[in-house]
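A closer look at the structure
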Amino acid sequence: MVVMDLDEEATREGENIEEVVNAEESIDDEAIDIHEEEVGDVKDDLVGEIITTIEFVDQISDYRRTQQKECFNLVRRLKILIPFMDEIRGFEFPSPESCMRFLNRLRKVILAARKLLETCNNGSKIFLALDSELIMTRFHSIYEKLNRVLVKTPFDELRISDEVKDEVGSLCKQLKKARRRTDTQDIELAVDMMVMFSKTDPRNSDSAIIERLAKKLELQTIEDLKTETIAIKALVQEKGGLSVETKQHIIELLNKFKKLQGVEATDVLYEPVINKSTSLILPHEFLCPITLEIMQDPEGIQKWFDAGHKTCPKTGQTLDHLSLAPNYALKNIILQWCEKNNFKIPEKETSLHSENDSEEQKDEVSLLVEALSSSQLEEQRASVKQMRLLAKENPENRVLIANAGAIPLLVQLLSYPDSGIQENAVTTLLNLSIDETNKKLISDEGAIPDIIEILQNGTREARENSAAALFSLSMLDENKVTIGLSDGIPPLVELLQHGTSRGKKDALTALFNLSLNSANKGRAIDAGIVQPLLQLLKDRNLGMIDEALSILLLLVSHPEGRQAIGQLSFIETLVDFIRQGTPKNKECAASVLLELGSNNSSFILAALQFGVYEYLVEITSSGTNRAQRKANALIQLISKSEQI
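Small disclaimer: the values here were computed from a predicted structure and weren't measured.

So, on to the environment of valine 399. Secondary-structure assignment places valine 399 in helix H18 (residues 395-403). Residue valine 399 is classed as buried on the basis of its relative accessible area, which comes to 12%. Once the C-alpha coordinates of valine 399 and threonine 437 are considered, the two residues, 38 residues apart in sequence, prove to be 8.6 Å apart.

Okay, here's the thing in structure tokens:
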């Protein structure tokens, strides 16, 4: 995402998945040197392990909500292989080496699938939501690898029946389709997560948003939070498991969920840490709040500053300066404690290796930046494509690419007369804009008008990613103004009305953020936003009702918005959602009706004609906390109207 990586296009096209797959550990094609008399036993062992693994994952029933659908899809596809494996197991003759190689490769893919499914079963819910796009890329990578193995199946040598051969062929078609499919993500979840982690958005402490996130992530009870804390501990203790920024985001949100339940914020940063090798409890005062390891040097905080942060990672307060000074007193206390408890501070295992990796990464980025200015079209294409993938990977790469001077060159490529380069350039800027500092750098380079131009005239994918880029950039208030003044709202409304399901969602989130600016509300109304929003309310299959109602709530605070929206048929629609919508539908619809009725009592009278009162009474006892507040306010408003 958004706060996660928003580049979903990298999971749409097969060629992009190929890049991701090649970047990962490739499937080993090593020859298997086995004596002929042992072939049968080894074959049966491999087949048995594959079947056992598939049957094991089939028993898992509880996946994290953000990946649940994809997990069940993956398991369903893996189960298709069981009849295939049964036929191979029944093959009595010694299997040729090509068949053994096939089984060995298939086993590796199945084990990789099991590891991913187990992560989605017991991993941190916050992490899986925060990095949902990266997790989806891992699913698509599994599909790609499995398909590459199955298309090379030696059917004739294995004497596979035509029926099973057809089933495997059908599975390959499913895998190709799956790796290109783009599921519409939970946009409200993505927006809420981005708001929570924004340093500038005043809504980052909104209890209603925190409550909504806790419900969506199923972290609403003390027991849920205890389990999540354990999962986070396991995650942060993995070597290289998390970037500094991601780790901080996870812990900050966990704290907010704990406060919501009235629990003291004694999370993984503050709870005693037990050293696995000695069973010693390490005092939390000795632990770096970023790396969660015993403090030795300022490496962790320096990386925190290098990533563009200007706040204390422990308290979140803005720092007066970023100068570092050694704390010799604390260092001596730590050394004394270590000596007293016979505790040896772990040595940096891979510092030289990490430095070399960092230098290699810098060299790679420098070469890519240089290639952006190449006179060779193919070199430019390859460079911007690779840079997009690097910007997608992690926060450190986004800072590295920006510091290398790539942003001005990428902005220039937005107007390049090549649709592929335009598409990759705008998507790279989208990924870079996830970093708060980069948002300003991109807008300062004058990128917004060119992004709007691509939104109007680019390819389908480029238009959708342009809308997502405008949403990301609009997190800065000054960019909301710039986008509005640059006529960015009409093409977003156009995409909302005529785009694909993915395009509609991208446009909807961008328009929501832009409509937080008062002047942009009028621009959106003038651009004709009301009709496509009302259409979204009619088409429940699109799953955008709550988002559409949220924008309508912003628009009805504007006089022109109330005039355009406050039709009798719309009031009936609102009452219908209050009567039989989802809990979130009821909450949003009640909020819109309250805003309308507070400005004009005729809207309340119209709602009463459709029987709204009894539905409001029901919500006061069974709705969400916010819905109950809105329903009570509406009932009070109705009482005042009747007195008048």
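Let us now look at helix H12 (residues 222-236). With 15 residues, H12 should reach 21 Å at 1.5 Å per residue; the first-to-last C-alpha distance of 21 Å fits that figure. All buried positions along H12 are accounted for by Leu225, Glu228, Thr229, Ala231, Ile232, Leu235 and Val236.

Here the focus is the side chain of arginine 562. The topology assignment puts arginine 562 in helix H30 (residues 559-565). Engagement of the side chain of arginine 562 in a polar contact is seen with the backbone oxygen of valine 556, the distance being 2.9 Å. With sequence-adjacent residues up to four places away left out, arginine 562 is seen in contact with Leu555, Val556, Ser557, Leu596, Asn599 and Phe603.

This model, assessed by the stated rule, comprises 15 salt bridges. The shortest N-O distance in the salt bridge between glutamate 49 and arginine 107 comes to 2.8 Å. Of this pair, glutamate 49 sits in helix H2 (residues 36-58) while arginine 107 sits in helix H5 (residues 97-122), and the two are 58 residues apart along the sequence. When the shortest N-O distance is used, the salt bridge between lysine 480 and aspartate 477 registers 3.1 Å. Of the two residues, lysine 480 and aspartate 477 both sit in helix H24 (residues 477-485), three residues apart, roughly one turn of that helix.

One non-glycine residue, glutamate 218, lies in the positive phi region at around 55 degrees. Relative to the helices and strands, glutamate 218 resides in the loop between helix H11 (207-216) and H12. The phi dihedral of aspartate 487 falls on the positive side, at around 60 degrees, and the residue is not glycine. Following the sequence through the fold, aspartate 487 ends up in the loop between H24 and helix H25 (489-498).

Enumeration over the complete set of coordinates arrives at three aromatic pairs. Here tyrosine 63 and phenylalanine 72 contribute two aromatic rings whose centre-to-centre distance is 5.4 Å and whose plane-to-plane angle is 85 degrees, an arrangement assigned as edge-to-face. Judged by centre distance (6.1 Å) and plane angle (40 degrees), the rings of phenylalanine 84 and phenylalanine 155 are tilted. One end of the pair, phenylalanine 84, is in helix H4 (residues 81-89); the other, phenylalanine 155, is in helix H8 (residues 155-158), and 71 residues separate them in sequence. Given a relative accessible area of 0%, phenylalanine 84 falls into the buried group. For phenylalanine 155, a relative accessible area of 17% gives the class buried. The rings of Phe84, Phe102 and Phe155 are connected pair by pair, giving a single aromatic cluster. The lysine or arginine in question, arginine 77, covers the ring of tyrosine 143, its NZ or CZ lying 5.1 Å from the ring centre.

Rules behind the numbers
- Chains are numbered independently. Their residues run from 1 in the order of the written sequence.
- Local features in this predicted model are restricted to residues of pLDDT 70 or higher, and side-chain atom pairs are both shown and tallied only at a pLDDT of 80 or more, whereas totals for entire chains, interfaces and linings draw on every residue.
- Side-chain numbers here rest on the full set of heavy atoms in the structure, without hydrogens or water.
- We count a stretch as a helix when DSSP gives it H or I for four or more residues in a row; a strand needs E for two or more, and each element gets its number in order from the N terminus.
- Burial classes follow relative accessibility: with a 1.4 Å probe on protein chains only, a residue under 20% of its type's maximum area counts as buried, one over 50% as exposed, and anything between as partly exposed.
- To estimate how far a helix should reach, multiply one less than its number of residues by 1.5 Å.
- Distance and chemistry together define a polar contact, namely a pair of N or O atoms within 3.5 Å, with one atom able to donate a hydrogen and the other to accept it when in protein, and with adjacent residues in sequence counting only for side-chain atoms on both sides.
- The contact criterion used is simple: two residues touch if any of their non-hydrogen atoms lie within 4.5 Å.
- Throughout this description, the term salt bridge denotes a Lys or Arg side-chain nitrogen within 4 Å of a carboxyl oxygen of Asp or Glu.
- Centres within 6.5 Å make a pair out of two Phe, Tyr or Trp rings, where for Trp the six-membered ring is used; the pair is then stacked when the planes are under 30 degrees apart, edge-to-face when over 60, and tilted otherwise.
- Over a ring means this: the NZ of a Lys or the CZ of an Arg is within 6 Å of the ring centre and within 35 degrees of the ring normal.

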